[in-house]
Amino acid sequence: MVNPRSLVQTLYLHWQVVEWLTQRSREVPVFEQAQVLAIMGKVDASKTLDEREAALRALINAEILLLLPRDNLLQLNGHVVEFVRGLTREHELGLSAVLQARVQGVREATGRLNVALEQRDLDALRQASALLADLFRQISLQLDQDRHAILEIAEKAKSNDSQMSASRRYRQVLQAYDEYVEPMAAMMDSGPTGTFYRYLEEAERSLDFSHDILTAQGALYTLRQLVRQAAFQAKELRKLGREVLKQSSDTLLPLREELRQHNTLSANISFLLGQVRKRGLVRTFRPAGLPLWKVDRPKRVTVGDEIRTIMSQAQNFSVISTVFPEEAPAVSVDELQLVDGAELRQRLANCLPVPSLLDWLRAEYTHLNDATLLRLYHELIGQPDWQIGQSDQRHSTELNQLNVIHYPHGIYP
Amino acid sequence: MTKQSATLHMGRMPRLDELFKLFNAGKHLNRVAEPALWAELEQEQEQYQTLFSSLGYQLRVDARGFAWFHFDSANSTVNSTTRQLALLLMLLFELKADQGLHLGRFCDWILDRELLTTLLDRSHDLLQAEGLDEQSLAGLLDRACNYGFAELGRGGWQLLPAVWRYLDHFEALAIEQLDDDDVENGVQLIEPAEDEGEES
């Protein structure tokens, strides 16, 4: 017998593989080793063959996978299958006979409870209460599992190819309805065949009565708590039974009556709802692909109080007249003197060296006015063609109206 | 940014401001809900698409009568809202299919509080897992109105053609997942050969 802790730990380490195997086990009861290794490769493609074989050995050692003696085939441990199916909602539809048998068990346990009460046998009372609590828990679990199994059957039928004939598509539905829903409805009926509510009611009454007796007489707290809890479970179970029956009928009846509008869209929607039921909404719908939107908040622009100042100034604006200045006389043509630049350059080149350019210009061009002379002087010393040197002696040159004191520029060959 | 060589005639887009405000608020424009704006958009569709594209927005127009600014990602609030709306629409469409109604005529359905109660009864577990009760389902439909998937009328909400975006996605996703399942079924036959390949 394997250590439960190591089984659970191995289950945790290899959960995805076990989940896959559990799903496959509905069609294939046993697996070859190669198939298991292939599934491991599908779950995690990065694992090497050695790692996968080590994982397989771990699963076998933990008795999650059982090695069948004859063919070397592998089968999932029954406890593991039930547990994983319970968590992943991959149930098979239970037999209505099993449910009926359990409900019968409730009746018998109630009888034992009543006998124990009459005989004031607290031990027998405890055992009967514990048995009832256990039966209620099993029935509740079965109802929940069956509800999911029926939803799965309906989803499969709805998501089947719309080209398939209705009778083929709904074969399982009709089977489920005839073999499960109808017997369950009969059991939960208020008529003579309606054992479910009747037995539960009797059990509940007996448990309530026991609790009152124990409280009046005095009994261990744990016993009273057990009885009270069992009574509470009986009440809940009646409600659950009603809900499950209603949901199962509502799910299967439209299919059975072929009322359903079946096409590709409805088939796809049913398939996706099945995925949501098993895996959750977030895992089924990644954001990519779904309609998305962005809301851009409009930016508000406001003005400060300075605008008020500007507005009042504008309101109180008064025209101010400005006097334009007098028109200055235009420069007369006479003041612009024509100079033959080529001739001047030629004459200057012939006279080199010229120690003071300004004096030379004054001497050679006496007819030119001061402004023209100074302009020519600055133009000539700015030209790169001449070899220009500047004296470090201050010199005064007298022009027509000006006396210029400067460090004279000279032009040399 | 690419250079736009087309000429934009701003004078031919008199309702540009209204359209931009609508799309920028995350809303879908539906022909049946806003026929005048839709006509304006349809008339100068190319101009609008060019203009919005140069501003960095992707305007998409569907021939079934709706248009929107397309985004490939959004914040977590929007992701959550869109998922919940997807769930609500799936449950609604499944109910209507079970009632024998034609799913393509979803714009004709009136969604009232009674219908929401029916959905809650039918799919209590699924909705409870998402924290959705009748009040929050009503709130979700109100938000759907803000984004152009529904409008509020007398008697309740009515879905708008923009809901086709969800239906298209449902079909695509279902096909993708069914294809994955088929591939997985086939893997058991192929993989032993692949294993040999890996070994070598």
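Everything numeric in this text was worked out from a predicted model, so none of it was measured.

Student: Requested: an account of the packing of aromatic side chains, with residues and values cited.
Tutor: The description of two aromatic rings rests on the distance between their centres and on the angle between their planes. A complete count under the given rule lists 19 aromatic pairs over all chains for this structure. Ring geometry for tryptophan 293 of chain A and tyrosine 147 of chain B: centres 4.5 Å apart, planes at 25°, overall stacked. Residue tryptophan 293 of chain A is found in the loop between α13 (281-284) and α14 (306-315), and its partner tyrosine 147 of chain B is found in the loop between α7 (134-146) and β4 (150-153); the two belong to separate chains. Between phenylalanine 66 of chain B and tryptophan 68 of chain B the ring centres are 5.7 Å apart and the planes differ by 25°, which places this aromatic pair in the stacked class. With a relative accessible area of 8%, tryptophan 68 of chain B lands in the buried category. Cluster of aromatic residues (ring-pair linked, three or more members): Phe285 and Trp293 of chain A together with Tyr147, Phe149, Tyr166 and Phe170 of chain B. Its end group placed over the ring of tryptophan 109 of chain B, lysine 96 of chain B keeps NZ or CZ at 5.5 Å from the ring centre.

Student: Quick one: what's the story with unusual backbone geometry, residue by residue and with numbers?
Tutor: Trans peptide bonds make up most of the peptide bonds, and negative phi angles are found at most residues other than glycine. Residue and element names in this part refer to chain A. The omega torsion across leucine 352 and proline 353 is 0°, close enough to zero to call that bond cis. Positive phi outside glycine occurs at glutamate 63, with the angle close to 60°. Relative to the assigned elements, glutamate 63 resides in the loop between α4 (49-61) and β1 (65-67). For glutamate 63, a relative accessible area of 29% puts it in the partly exposed group. In this model, arginine 120 sits at a positive phi of 55°, which is unusual for a non-glycine residue. With respect to the secondary-structure elements, arginine 120 resides in the loop between α6 (96-118) and α7 (122-159).

Student: Lay out the interface of chain B and chain A in plain terms, naming residues and giving numbers.
Tutor: Opposite the 51 residues of chain B that make contact, chain A presents 45 residues. At the surface where chain B touches chain A, the tally comes to one salt bridge. Among the salt bridges present, the one from arginine 147 of chain A reaches aspartate 125 of chain B, with a minimum N-O distance of 3.2 Å. Of all the secondary structure elements, the ones that give two or more residues to the side of chain B that touches chain A are α4 (76-98), α6 (124-129) and α8 (164-199) of chain B. At 19 residues, the largest contribution of residues to the side of chain B that touches chain A is made by α8 of chain B.

Student: Kindly report on the side chain of glutamine 275 of chain A, identifying the contributing residues and their values.
Tutor: Among the structural elements, glutamine 275 of chain A can be located in helix α12 (residues 264-279). For glutamine 275 of chain A, a relative accessible area of 14% translates into the label buried. Once you skip the residues sitting within four places of it in the chain, glutamine 275 of chain A turns out to touch Gly280 and Thr284 of chain A together with Gln177 of chain B.

Student: Explain helix α2 (residues 35-43) of chain B residue by residue, including any values.
Tutor: Residues and elements named next belong to chain B. Those residues of α2 lying buried are Leu37, Trp38, Glu40 and Leu41. Down the axis of α2, the buried side of the element spans an arc of 160°, and every buried residue falls inside it. Along α2, the residues that are exposed and aim more than 90 degrees away from the buried face are Pro35 and Gln43. Where α2 is buried, its residues contact α1 (16-24), β1 (29-30), α3 (45-54), β2 (59-62) and β3 (66-69).

Student: Lay out the pairing of strand β5 (residues 156-159) of chain B in plain terms, naming residues and giving numbers.
Tutor: Sheet topology places β4 of chain B next to β5 of chain B; four bridges connect them, and they run antiparallel. Of the residues in β5 of chain B, the one forming a bridge with leucine 152 of chain B is tryptophan 157 of chain B.

Student: Please set out the pattern of salt bridges residue by residue, giving values where relevant.
Tutor: Residue and element names in this part refer to chain A. Across all of its chains, the model carries 26 salt bridges over all chains by this definition. Linking arginine 238 and glutamate 204 is a salt bridge whose minimum nitrogen-to-oxygen distance equals 3.0 Å. Taken together, the residues span a long stretch of sequence, with arginine 238 in helix α11 (residues 221-256) and glutamate 204 in helix α10 (residues 195-217) at a distance of 34 residues. Overall, the relative accessible area of 21% leaves arginine 238 in the partly exposed class. Residue classification places glutamate 204 among the buried positions, given a relative accessible area of 8%.

Student: Give a detailed account of the sheet that holds β1 of chain B, specifying residues and quantitative values.
Tutor: All names here are of chain B. Pairing within the open sheet is antiparallel, and its three strands lie in the order β1-β3-β2. At either end of the open sheet lies a strand with only one pairing partner, and these are β1 and β2. In this structure, β2 lies alongside β3, joined through four bridges in antiparallel fashion. Each bridged residue has a counterpart across the sheet, and for aspartate 62 the counterpart in β3 is phenylalanine 66. Together, β2 and β3 form the strand contacts of α3, whose direction differs from that of β2 by roughly 150°.

Student: So, the nonpolar core: which residues are in play, and what are the values?
Tutor: The biggest cluster of nonpolar side chains holds 55 residues, and the ones touching the most others in it are Phe285 of chain A together with Met90, Phe93, Phe149, Leu159, Tyr166 and Phe170 of chain B. Elements with a contribution of two residues or more to this core: α12 of chain A together with β3, α4, α5 (113-122), α6, α7, β5 and α8 of chain B. Looking at which element gives the most residues to this core, the answer is α4 of chain B, with twelve residues. If near-sequence neighbours (up to four positions away) are discounted, leucine 159 of chain B is found in contact with Leu89, Leu92, Phe93, Phe106, Cys107, Leu111, Phe149 and Ala150 of chain B. Core analysis: the second largest hydrophobic core is formed by 46 residues, Leu135, Ile139, Ile153 and Tyr177 of chain A among them.

The rules behind the values
Residues numbered from 1 in each chain as written. Chains lettered and ligands numbered in written order. Predicted model: local features only at pLDDT ≥ 70, side-chain atom pairs only at ≥ 80, totals over all residues. Heavy atoms only, no water. Phe/Tyr/Trp six-rings, centres within 6.5 Å; stacked < 30°, edge-to-face > 60°. Helix = DSSP H or I, 4+ residues; strand = E, 2+ residues; numbered from the N terminus. Buried < 20%, exposed > 50% of the residue type's maximum accessible area, 1.4 Å probe, protein only. Lys NZ or Arg CZ within 6 Å of the ring centre and 35° of its normal. Contact = heavy atoms within 4.5 Å. Salt bridge = Lys/Arg side-chain N within 4 Å of Asp/Glu carboxyl O. Arc of directions from axis to C-beta. Pairing = 2+ DSSP bridges. Axes fitted to C-alpha atoms, helices over the stretch in contact; angles between N-to-C directions. Core = buried A, V, L, I, M, F, W, Y, C linked by side-chain atoms within 4.5 Å.

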